[in-house]
Structures are given as structure tokens and as C-alpha cells.
Amino acid sequence: MKVFVTGATGALGSHAVPALVAAGHSVTALARTPRKAAALTEQGATPVQLSLFDRAALTDAMKQHDAVANLATALPSMAKFMSTNAHKYNEHIRADGSAAVVDAALAAGVGRLIQESVAMLYPDRGANWVNEDVPVDNYPMTRGNLAAEANARRFTAEGGTGVILRFGWFYGPGAAHAEQMLAQARYHVGMMPGPPDGYLSVIHMADAGSAVAAALTAPAGTYNVVDDEPLTKREFTDALGRAAGRKLWLRVPGRAALLFGDRLTSLSRSLRVSNARFREATGWAPSYPSAREGWPATASDLRS
């Protein structure tokens, strides 16, 4: 297939582009700078430099493509994560950017759209498994992702095949938040976002990239992309310590995260998310079925 990728140099895109190329697809990738364009060329993609919000230019660039993977995002760093203002640009990209991408893809006659989303949209389910039939929650930080998902469903309603991928927390090479947490762990501080017995569903960057390629064969719909085995918050923090090679003296914020309300809702709730539907639809399977094994295996890649 000929695949057009936005967000191609981001955390997910930098793994998805090589996965698409390795699978034999011809990839055109959006780049904002000459340096990023050069990096995409090295990965085997054809870079184009234009704005994510320029519908006319996007339409021209997408012509003759079979699919579009919209992976554009701009999450703030962990230090700014609780700031509402810090999320505004990401919301702009998710909502307005996805609208422009869908409009352009429809105008260009593209048949398939893959839209990145997040599993943190689900409500707290304790120890119960969460599949795609569970209704999503609606709180301030979900606005951009919910808008992006709505645009993907609009693409399907207008005759295309819209595939929404709800990813878990990223970890592994290139996952900025994971790198920041690993840096803290080297100083014996472990990130425990919520009660220790709550669940956290994560996904290794390499497996997230391969999922984008696998989604080219998925029927229209919404799919969870996570490790096979979600970890409790305690297990996740322990895995961080092992990856950093340190004994953790502090595990924060723990239950105190609940006190921050909506600002940490996406991190503090318990989400034991299942990937069964995506596995069944595409045959995809994670190479790292659990972060319990994946973090130690990639620690050397994350160390500066």
C-alpha cells in the first residue's frame, strides 16, 4: 500500500514508519524541518514538508495514497502534565488537526484512515478487564482524543474505513515520559501513579509501531493496543526500579494522585485493558507481552 503518515517523527511515528517500510509499504511522511525530513529519508520514507492544518496542501499530498495514519500529537512533559494550558496545543492538534486530515483524505479519495488515540479514555474499572465495549469517560483532558475519534468515525460514515487505535502508556526507546520516569528511578524515586493495587496498561514503542502496520488490515472500528499483561501500579514501579538498576526509596505520588482530580485522572485510575479484539482482527501480537520483561530488556537503550 501507499501510506501517508502524519506525526512521523514523533514517539509513535518514529517506530511506525520503519515498521510500515519493513512490511513492504510505500510511505510518504509529513516533516516540519529539513533535519526531520532527512531522518525520514534514512528510514526509507519520502518526506513532504507542509502544515498539518493546510487542507489543500494535504489533499494534494495524499492523492494516490491508499491509507493515512494520523499519529500527530504534542503531549507535554511530565513536569508540565498537570497544567491545563500545557495541553492546549495537543488538543488543537488532536481536534483541529484530525479534522483537517480527515477532510483532506476524503477529498483525495483515500480509502483507509488510522487514528491514534489512548486507552486512558476509559473509566476506572478496578480489577475488571476493559474492552472496547466499555463506554469512554468525558473529562477535560479527553477532549482532543474524543474529537479525533469522532473525526475517524466521520471518515467511516462518509464511505472510508476508519480505524481507531487506543494505545496504552508508551514505554521503551523514544517514549519521553518513560525516559523521564526512568531518569527519576536512577535517583531512587519511582513513579506510582495512583493506588498500588490499581492497574496500568502499557505498550512498548516497537509493538505500537507494528500495530500501526497491522491496522492496515483491520475492519473499521476501535481497538485497544496494549501489552497482554497489564501491571498493577506496584508492579509497574518495581519494573522501573529494575530497569534503572536501583532500589527505590520513594514511590510517589501513590494514592495522593487521587487528590489532584481531573489533572491526573488519566494516570491515577485503574485500567486493566484487553488487546484481544485487535489480536483477533489482525493477527498482531506484542513482542513484549508484559512491561515486567520489556523494561529490563530495553534499559540500555533508554540510558543516556
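The rules behind these values
- Residues numbered from 1 in each chain as written.
- Predicted model: local features only at pLDDT ≥ 70, side-chain atom pairs only at ≥ 80, totals over all residues.
- Heavy atoms only, no water.
- Helix = DSSP H or I, 4+ residues; strand = E, 2+ residues; numbered from the N terminus.
- Buried < 20%, exposed > 50% of the residue type's maximum accessible area, 1.4 Å probe, protein only.
- Contact = heavy atoms within 4.5 Å.
- Areas by Shrake-Rupley, 256 points an atom, 1.4 Å probe, with all protein chains shown as cover.
- Pairing = 2+ DSSP bridges.
- Axes fitted to C-alpha atoms, helices over the stretch in contact; angles between N-to-C directions.
- Polar contact = N/O pair within 3.5 Å; in protein donor to acceptor, adjacent residues only side chain to side chain.
- Parallel < 35°, antiparallel > 145°, perpendicular 65-115°, else oblique.
- Left-handed = near helix turned anticlockwise from the far one by under 90°.
- Nonpolar A, V, L, I, M, F, W, Y, C, P; charged D, E, K, R; others polar.
- Core = buried A, V, L, I, M, F, W, Y, C linked by side-chain atoms within 4.5 Å.

1. Notes on the overall build of the protein chain
And then number 1: The helix and strand tally for the protein chain stands at eleven helices and 15 strands.
And then number 2: Counting over 304 residues, the protein chain shows a buried share of 52%.
And then number 3: Look at the contacts in the protein chain between residues 6 or more apart in sequence, and 79% of them connect residues 24 or more apart.
And then number 4: Put simply, the protein chain shows about 12400 Å² of open surface, and 53% of that area lies on carbon and sulfur atoms.

2. Details of unusual backbone geometry
And then number 1: Its identity as a non-glycine residue notwithstanding, Gln-64 has a phi of 75 degrees, on the positive side.
And then number 2: Residue Gln-64 is classed as exposed on the basis of its relative accessible area of 64%.
And then number 3: Phi is positive for His-188, close to 70 degrees, though the residue is something other than glycine.
And then number 4: Looking at the element boundaries, His-188 is found in the loop between helix H6 (176–185) and strand S9 (189–192).

3. Comments concerning the sheet that holds strand S3 (residues 46–48)
And then number 1: Sheet architecture is open: seven strands sit in the order S3-S2-S1-S4-S5-S7-S12, paired in parallel fashion. The sheet terminates laterally at S3 and strand S12 (221–225), the two strands that pair on one side only. Between one strand axis and the next, the sheet turns by 20 degrees as a mean value, whatever way the strands run.
And then number 2: Judged from the four bridges that link them, strand S1 (residues 2–6) and strand S2 (residues 26–30) form a sheet pairing that is parallel. Within S2, the residue paired with Lys-2 across the bridge is Ser-26.

4. Details of the side chain of Ser-117
And then number 1: By the secondary structure assignment, Ser-117 is in strand S5 (residues 112–118).
And then number 2: Exposure remark for Ser-117: the relative accessible area of 0% places this residue in the buried category.
And then number 3: Here the side chain of Ser-117 touches Glu-149 through a polar contact of 2.7 Å, side chain to side chain.
And then number 4: Look past the residues within four positions of Ser-117 in its chain and what remains in contact with it is Asn-145, Glu-149, Ile-164, Leu-165, Arg-166 and Phe-167.

5. What about the packing of helix H1 (residues 13–22) against helix H7 (residues 205–214)?
And then number 1: Closest axis-to-axis distance for the H1/H7 pair is 7 Å, and the angle between their directions is 50 degrees. Between H1 and H7, the angle falls in the class oblique. In the packing of H1 onto H7, the handedness of the crossing is right-handed. Of the residues in H7, those in contact with His-15, Ala-16, Ala-19 and Leu-20 of H1 are Met-205, Ala-206, Gly-209, Ser-210, Val-212 and Ala-213.
And then number 2: Taken together, the residues of the contact of H1 with H7 break down into seven nonpolar, three polar and no charged.

6. Focus: the nonpolar core
And then number 1: One finds Val-5, Leu-165, Phe-167, Val-212 and Phe-278 to be the most contacted residues of the largest nonpolar core, which totals 65 residues.
And then number 2: Ranked by residues supplied to this core, first place goes to H7 with six residues.
And then number 3: Among residues more than four places away in sequence, those in contact with Val-5 are Val-17, Leu-20, Val-27, Thr-28, Ala-29, Leu-30, Ala-69 and Leu-71.
And then number 4: If you look at the next biggest cluster of nonpolar residues, it comprises 20 residues, including Leu-52, Val-68, Ile-93 and Phe-155.

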